[in-house]
Amino acid sequence: MDAASLPENYSPVLTLKQTEQAIKLVKDFFEHNLSAELRLSRVTSPLFVPRGSGINDDLNGIERPVRFPVKQLGEAEMEVVQSLAKWKRMALADYGYPQGKGLYTDMNALRPDDDIDAIHSIYVDQWDWELVMRPEDRKRSFLMSVVSRIYEVLKRTEFVVSEQYPSIVPILPETITILHAEDALQQYPDLTPQERERELAREHGAVFIMGIGGPLSDGIPHGGRAPDYDDWTTGTEDGLTGLNGDIIVWNPVREDSMELSSMGIRVNEESLLRQLALTDQEARKDLFWHRRLLSGEFPQTIGGGIGQSRLCMFFLRKAHIGEVQASVWPEETIAACKVQGVPLM
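Treat the numbers as computed from the prediction; the structure is a model and nothing was measured.

Talk me through unusual backbone geometry; I want residue IDs and the actual numbers.
One non-glycine residue with positive phi stands out, namely asparagine 9, at about 55°. Mapped onto the secondary structure, asparagine 9 falls in the segment before α1 (16–38). The class for asparagine 9 is exposed, based on a relative accessible area of 78%. Of note, the phi angle at arginine 39 is positive, near 60°, even though the residue is not glycine. As for its placement among the helices and strands, arginine 39 is situated in the loop between α1 and β1 (40–42). The class for arginine 39 is partly exposed, based on a relative accessible area of 48%.

So, in structure tokens, the structure goes:
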């Protein structure tokens with residue numbers, strides 16, 4: 001990363017002290033409103049889980065988790081979580097949550113294989129949430145309704161921030177545009193998936209792109225998804241597949257798109273087996289978590305993760321994620337930020 005990748009003539013809207021206070025405002029307000037909107041209870045979650053249990057989130061299926069042995073457990077290895085997509089569903093079953101209610105947790109993770117740049121860090125802080133749904137809600141219309149409810153919480157949060165800090169003017173559109181990744185491909189056939197996201201976010205201000213993980217009509221998926229949490233192969237009434245997606249907004253400071261949330265309806269027994277076969281990972285059927293799902297122990301759920309630092313970066317009009325979280329950065333990043341007047345925590 002060099003100075004050219006940062007906005008020219010950037011000047012933070014808030015001082016460092018104001019930023020710290022505003023981070024608390026954003027996190028407190030959004031968390032409480034998300035809980036109320038989706039009827040989610042806060043729970044305590046693990047920082048690490050046993051290796052080989054199948055509980056850790058594999059993200060795109062290729063990222064390496066941080067591992068360490070535990071002396072008093074006979075050197076048994078633990079893995080620092082990458083997200084809690086699978087753990088949350090297991091917790092809903094074990095805690096006995098009824099349909100229509102769910103949980104959320106303040107999740108901290110390490111992703112050492114992530115790219116480190118202005119919007120990515122190896123330290124991940126997000127709200128992981130999961131909601132028990134009815135089996136008959138396993139359809140796109142239900143996914144879209146939940147997306148719209150989360151978007152309302154985003155708009156309310158932006159309003160509260162602007163009330164406290166008048167120099168931050170609300171920019172989110174009244175409604176979020178929802179479309180399938182295949183529609184994005186047809187609209188911009190000559191662009192890459194990332195370039196499509198950028199153009200759609202610039203045009204609409206906020207978009208939810210569905211159907212991430214399965215191949216589109218050109219044979220290429222819009223993005224990667226592990227086979228055992230989101231359902232990206234179930235077909236819908238229009239023949240398109242995928243009951244998941246990402247919330248993406250236009251960031252005016254960076255003049256670029258920014259993903260705030262990844263979410264979706266989770267796999268059932270049928271879609272899990274189908275996606276494991278498609279990705280040649282059928283051996284996972286024998287892992288602890290997967291055996292429980294296939295035996296019918298887990299409820300049907302919808303869930304996702306919402307980036308805390310990403311939200312703070314967007315709402316507080318920051319140019320670099322290091323302005324709202326403490327992490328590690330390459331020396332060239334530190335030097336470039338110093339040149340451009342970007343204060344890293």
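Could you give an account of the sheet that holds strand β3 (residues 67–70), naming the residues involved and the relevant values?
The antiparallel open sheet is built from three strands, whose spatial order is β2-β4-β3. Here the strands that pair on one side only, and so sit at the sheet edges, are β2 (48–50) and β3. With direction set aside, neighbouring strand axes in the sheet form an average angle of 40°. Bridge analysis of β2 against strand β4 (residues 76–80) gives three bridges, and the strand direction is antiparallel.

Can you lay out the sheet that holds strand β5 (residues 102–110) for me, pointing to particular residues and giving the numbers?
Spatial strand order, β1-β5-β6-β11-β10-β9-β8-β7: eight strands in an open sheet with mixed pairing. The strands lining the two open edges of the sheet, one partner per strand, are β1 and β7 (177–180). On average, each strand axis in the sheet is inclined to that of its neighbour by 25°, with strand direction left out of account. Strand direction decides the pairing type here: strand β9 (residues 244–251) and strand β10 (residues 256–265), joined by eight bridges, are antiparallel. Residue pairing in the sheet places aspartate 246 in a bridge with serine 262 of β10.

Quick one: what's the story with the packing of α1 against helix α8 (residues 308–315), residue by residue and with numbers?
Between α1 and α8, the shortest axis-to-axis distance is 10 Å and the interhelical angle comes to 120°. Regarding the angle of α1 to α8, the classification is oblique. Pair α1 / α8 crosses with right-handed handedness. Residues Ile23, Val26, Lys27 and Phe30 of α1 pack against Gln308, Leu311, Cys312 and Phe315 of α8. In the contact of α1 with α8, the residues fall into six nonpolar, one polar and one charged.

Go over the nonpolar core with me, naming the residues and quoting the values.
Membership of the largest hydrophobic core comes to 48 residues, with the highest contact counts inside it found for Trp129, Ile150, Leu154, Met263, Ile302 and Leu316. Those elements giving two or more residues to this core turn out to be α1, β6 (123–132), α3 (140–164), β8 (206–210), β9, β10, β11 (301–307) and α8. Here this core takes nine residues from α3, the largest share from any one element. Listed in part, the 21 residues of the second largest apolar core include Leu84, Met90, Tyr97 and Trp289.

Criteria and thresholds
Residues numbered from 1 in each chain as written. Predicted model: local features only at pLDDT ≥ 70, side-chain atom pairs only at ≥ 80, totals over all residues. Heavy atoms only, no water. Helix = DSSP H or I, 4+ residues; strand = E, 2+ residues; numbered from the N terminus. Buried < 20%, exposed > 50% of the residue type's maximum accessible area, 1.4 Å probe, protein only. Pairing = 2+ DSSP bridges. Axes fitted to C-alpha atoms, helices over the stretch in contact; angles between N-to-C directions. Parallel < 35°, antiparallel > 145°, perpendicular 65-115°, else oblique. Left-handed = near helix turned anticlockwise from the far one by under 90°. Contact = heavy atoms within 4.5 Å. Nonpolar A, V, L, I, M, F, W, Y, C, P; charged D, E, K, R; others polar. Core = buried A, V, L, I, M, F, W, Y, C linked by side-chain atoms within 4.5 Å.

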